[in-house]
Structure formats: C-alpha cells, structure tokens
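Report on the structure
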Amino acid sequence: MTKNKKSELKIKAIENGTVIDHITANKALHILKILDLPDAETHNVTVAMNVSSAEIGRKDIVKIENRELDHKELNQVALIAPKATINIIRNYETIKKDKIILPDKITSIIKCTNPKCITNYENEPITPIFNVINKYPPVVRCHYCEKLINTEDIDKQFE
Ligand SMILES: [Zn+2]
C-alpha cells in the first residue's frame, strides 16, 4: 500500500449512507449547503477536505450517514462537483458506485442571475429550469430568459 492510499482511507467507514468522493477541492461545504445539511455534526456528516487524489490532484470527500441521495439531489451535486463519484453504502459495503452525470436539463436550486427573469418575480415565482451548455466545467443557460450562467456564478450562490 502506498502512502497516498493510506491517507485516503483515514476517514472512518460508515455503516449505511452515501459517500461523495472526488469532489473538487474546497467545494465540500457548498455540497452541504445544496443538500441542506448546514450542521454537519447533527446530521452525521463527515467531511474531509483537500485530500490528495491520484485522479484529480486535490479533492474533498463527504460522508453522509443514514441517507441515500436521490436523483434530484445528485443533479444538484453535479453542478458543483462535476467529477464526483457516488457510493451508496449498506451494511459497510458499497452496493452502488456511480460517476455523477450532469443531465442536459436541470431544475435547479440555483437562481437565474438576471434580476428581470420570470423565475425571479416576487409575486409568482416560477421554478428555474436550466439547459446545460457545458458539463465540465458546468455552464447552464436559463430556459426562460436565456441568460448564460457560468461556473463562477454557480459557485458564488453557495458561498
Ligand atoms: Zn432567467
């Protein structure tokens, strides 16, 4: 076993839940915001930041106990961490391992950056829908006003 491997294995294994691996370094906290897990401790979430990775250099890892992320949640994660892999754990075993794939169209928790967009109307807000223009790095276009939203704009919404 190489030294590299050892440091990757430091975080404790979970019995049941989801492990999000290969998150772009320093984006783990954005992921927690997306998944509405503001307080890591009470939700049994373990976060490892800036771990060395053979595949992507530096990465973050998030482990969420007793929760299996659904498709919609994974799509949101893909906006922030397009190279992430998802491991569903049951009884300490990985029963499913998948690369995250950003779909062509996303109903998103991010907001259109055009203040005049119909999705930002205060009285009758419409759920934002975005067409994915580029998957890595993620760039999306508002379905309603066609405003282009780049990776920086997306990240800013979670800072
Ligand atoms: Zn818009």
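For the structure itself, consult the block above.
Let me sum up the structure you'll find in this document.

How each quantity is defined
Residues numbered from 1 in each chain as written. Predicted model: local features only at pLDDT ≥ 70, side-chain atom pairs only at ≥ 80, totals over all residues. Heavy atoms only, no water. Donors = N, O, S within 2.8 Å, 3.2 Å for Na, K, Ca; no water. Tetrahedral: all angles 85-135°; square planar, octahedral: opposite > 155°, others 65-115°. Buried < 20%, exposed > 50% of the residue type's maximum accessible area, 1.4 Å probe, protein only. Core = buried A, V, L, I, M, F, W, Y, C linked by side-chain atoms within 4.5 Å. Helix = DSSP H or I, 4+ residues; strand = E, 2+ residues; numbered from the N terminus. Contact = heavy atoms within 4.5 Å. Pairing = 2+ DSSP bridges. Axes fitted to C-alpha atoms, helices over the stretch in contact; angles between N-to-C directions.

Right, let's talk about the coordination of the zinc ion for a bit. Of the protein atoms, only Cys112 (SG), Cys117 (SG), Cys142 (SG) and Cys145 (SG) coordinate the zinc ion, at distances of 2.2 to 2.4 Å. Given four donor atoms and angles of 98 to 114° at the metal, the environment of the zinc ion is assigned as tetrahedral. When the donors of the zinc ion are listed by position in the chain, the intervening gaps give C-x4-C-x24-C-x2-C. The exposure class of Cys145 is partly exposed, given its relative accessible area of 27%.

All right, on to the nonpolar core then. Among the nonpolar cores identified, the biggest contains 34 residues, and Ile20 and Leu35 are the most heavily contacted of them. Only β1 (17-24), α2 (28-34), β3 (57-65), α3 (71-80), β4 (85-90), β7 (129-134) and β8 (139-142) provide two or more residues apiece to this core. The greatest single-element share of this core, amounting to five residues, is contributed by α3. Apart from residues no more than four positions distant in its own chain, Ile20 is found in contact with Ile31, Leu35, Asp60, Ile61, Val62, Ile64, Leu69, Val77, Ala84, Thr85 and Ile86. Listed in part, the six residues of the second largest apolar core include Val19, Ala48, Val51 and Ile61.

The five strands lie next to each other as β2-β3-β1-β4-β5, forming an open sheet whose pairing is antiparallel. Among the strands making up the open sheet, the edge pair consists of β2 (45-53) and β5 (93-99). Between one strand axis and the next, the sheet turns through 20° on average, direction left out of account. As defined by bridge partners, β1 adjoins β4 across five bridges and the pair is classed as antiparallel. The partner of Val19 across the bridge, within β4, is Asn87.

Turning our attention to unusual backbone geometry. For the bond running from Tyr136 to Pro137, omega is -10°, close enough to zero to count as cis. The residue Pro137 is located in the loop between β7 and β8 in this model. Residue Asn50 is not a glycine yet carries a positive backbone phi of 60°. Relative to the elements of secondary structure, Asn50 occurs in strand β2. Given the relative accessible area of 34%, Asn50 is considered partly exposed.

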